[in-house]
Amino acid sequence: MLLSFFSLSIKRSMPKLVLSVVTLLLSLSSHAAWHSHQFDVMGTRAAIELWSEDRDAAAQHFARVEGEMRRIEALMSSYIDSSEVSQLNRLAAGQSMIVSEELYQVIGKSLYFSKVSQGAFDISIGSVGHLYHYRDKVKPDDVELQRGVAAVDWQSIQLHKNNRISFARDNMRIDLGGIAKGHAVDRSIALLQAEDVESAIVSAGGDSRMIGDRGSVADKGHDASDSPSTQRIPWMVGIRHPRQGESEGQAAEALRLPLVNAAISTSGDYERYFFDNDEQRIHHIINPGTGRSAAGVVSASVIGPESINCDVLSTTLFVLGVERGLAFIESVAGYDAVLIDANGKVHFSSGLADGD
Ligand code: AMP
Ligand code: MG
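Residues numbered from 1 in each chain as written. Chains lettered and ligands numbered in written order. Predicted model: local features only at pLDDT ≥ 70, side-chain atom pairs only at ≥ 80, totals over all residues. Heavy atoms only, no water.

Draft legend 1. Quick look at the pattern of salt bridges. For the structure shown, the criterion picks out 16 salt bridges. We note a salt bridge from Arg-64 to Glu-195, for which the minimum N-O separation is 2.3 Å. With Arg-64 in helix H3 (residues 55–76) and Glu-195 in the loop between helix H8 (180–194) and strand S6 (200–204), the pair connects residues that are 131 residues apart, well separated along the chain. Ionic pairing is found between Arg-70 and Glu-66, a salt bridge with its closest N-O pair at 2.9 Å. Of the two residues, Arg-70 and Glu-66 both sit in helix H3, 4 residues apart, roughly one turn of that helix. Residue classification places Arg-70 among the partly exposed positions, given a relative accessible area of 34%. Here the residues in one salt-bridge network are Glu-68, Arg-71, Glu-102 and Arg-187, joined through shared partners. (Salt bridge = Lys/Arg side-chain N within 4 Å of Asp/Glu carboxyl O. Helix = DSSP H or I, 4+ residues; strand = E, 2+ residues; numbered from the N terminus. Buried < 20%, exposed > 50% of the residue type's maximum accessible area, 1.4 Å probe, protein only.)

Following this line, the structure appears as structure tokens:
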């Protein structure tokens, strides 16, 4: 409306400067362009970038994605008392609760990955995870740790008919921190696809997924001067250097990957951590067997078609370490991995090793 008012009121006598401002306004509002939006959700930063024919449409996409992520947070966060997950976490052994189909499916997928990873991925890690407070540099003492570890057991999470869930043990807590963000990214991408968005990237912390590529060099605002116009431009996604730039607060990149229509998740020991009195790094990815921070690698990235699987697998590979992690990812069709060990050595799964 504002636009048509402006265009109608342009008079021949109008000074050139005003005309050019109006032209600029017109081109800014109606021109196809890259648009981006960031917000905080699920204890992390979410970011969206997409190509849109106009700004209003982009703003609508952003509002839908933000709403979707907040909905999933309200359902699945163990930090929100009213969430379904928090309600489950208050169940005693033998009590049960009917949950939403969506939560039932996400828990079902978690249990599937627990089984195939022989327990390296285990959402009942919440039973011990809640004893760590990274910002306050708090970790459980040995007695608390043993009590917590006793309730880490994915096989004690029982799925019944009609979306009913129970726990076979007392003091069990589930924590979807290793799967919910990937799920939220997939749901966001599905929303954008339904709205015919053809180029987009959605991230929630270390979990990202892309629709398409960034266009050809001749369109979507790229400079076609020195390349053939048909050449396609992939998304370039960085894997953070696990150590460089950490203390300066300026994260450096270890490597960059060209990706098209794919998802990538990275789990790192630099996301949430503190150093204890013995100078040990206490971080948020926990070995379910010990209840302590996993020490296999310092960064695990997984690339594949779906963000929920990449999210789970990156956490899983972090726990499994280089040797078992690489062997495991080879058994998962369509997914590849980049692991960085404690010496800074980078390991690729076979699908990436030849520079594919
Ligand atoms: P991510 O950043 O995706 O690697 O997920 C790490 C988060 O997953 C942690 O902050 C915990 O909420 C949760 N988590 C930690 N260890 C495990 C584990 N072994 N299995 C499943 N979830 C875990
Ligand atoms: Mg993950």
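Draft legend 2. Here's a closer look at the packing of aromatic side chains. Summed over all chains, the structure comprises 6 aromatic pairs. For the ring pair Tyr-273 and Phe-275, a centre distance of 5.8 Å and an interplane angle of 75° mean the geometry is edge-to-face. For Tyr-273, a relative accessible area of 26% gives the class partly exposed. Judged by its relative accessible area of 40%, Phe-275 is partly exposed. An aromatic cluster is defined as three or more aromatic residues linked by ring pairs; in this entry it consists of Trp-34, Trp-51 and Trp-235. Note that Arg-281 overlies the ring of Tyr-273, its terminal NZ or CZ placed 4.4 Å from the centroid. (Phe/Tyr/Trp six-rings, centres within 6.5 Å; stacked < 30°, edge-to-face > 60°. Lys NZ or Arg CZ within 6 Å of the ring centre and 35° of its normal.)

Draft legend 3. Expanded view of the coordination of the magnesium ion (ligand 2). Protein-derived coordination of the magnesium ion (ligand 2) comes from Asp-311 (O), Asp-311 (OD), Ser-314 (OG) and Thr-315 (OG1), at a distance range of 2.2 to 2.6 Å. All donors of the magnesium ion (ligand 2) belong to a single chain; written as a sequence motif, their spacing is D-x2-S-T. With Asp-311 and Ser-314 both in helix H9 (residues 307–330), this residue pair falls 3 residues apart, about one helical turn. Given a relative accessible area of 4%, Asp-311 falls into the buried group. The class for Ser-314 is buried, based on a relative accessible area of 0%. (Donors = N, O, S within 2.8 Å, 3.2 Å for Na, K, Ca; no water.)

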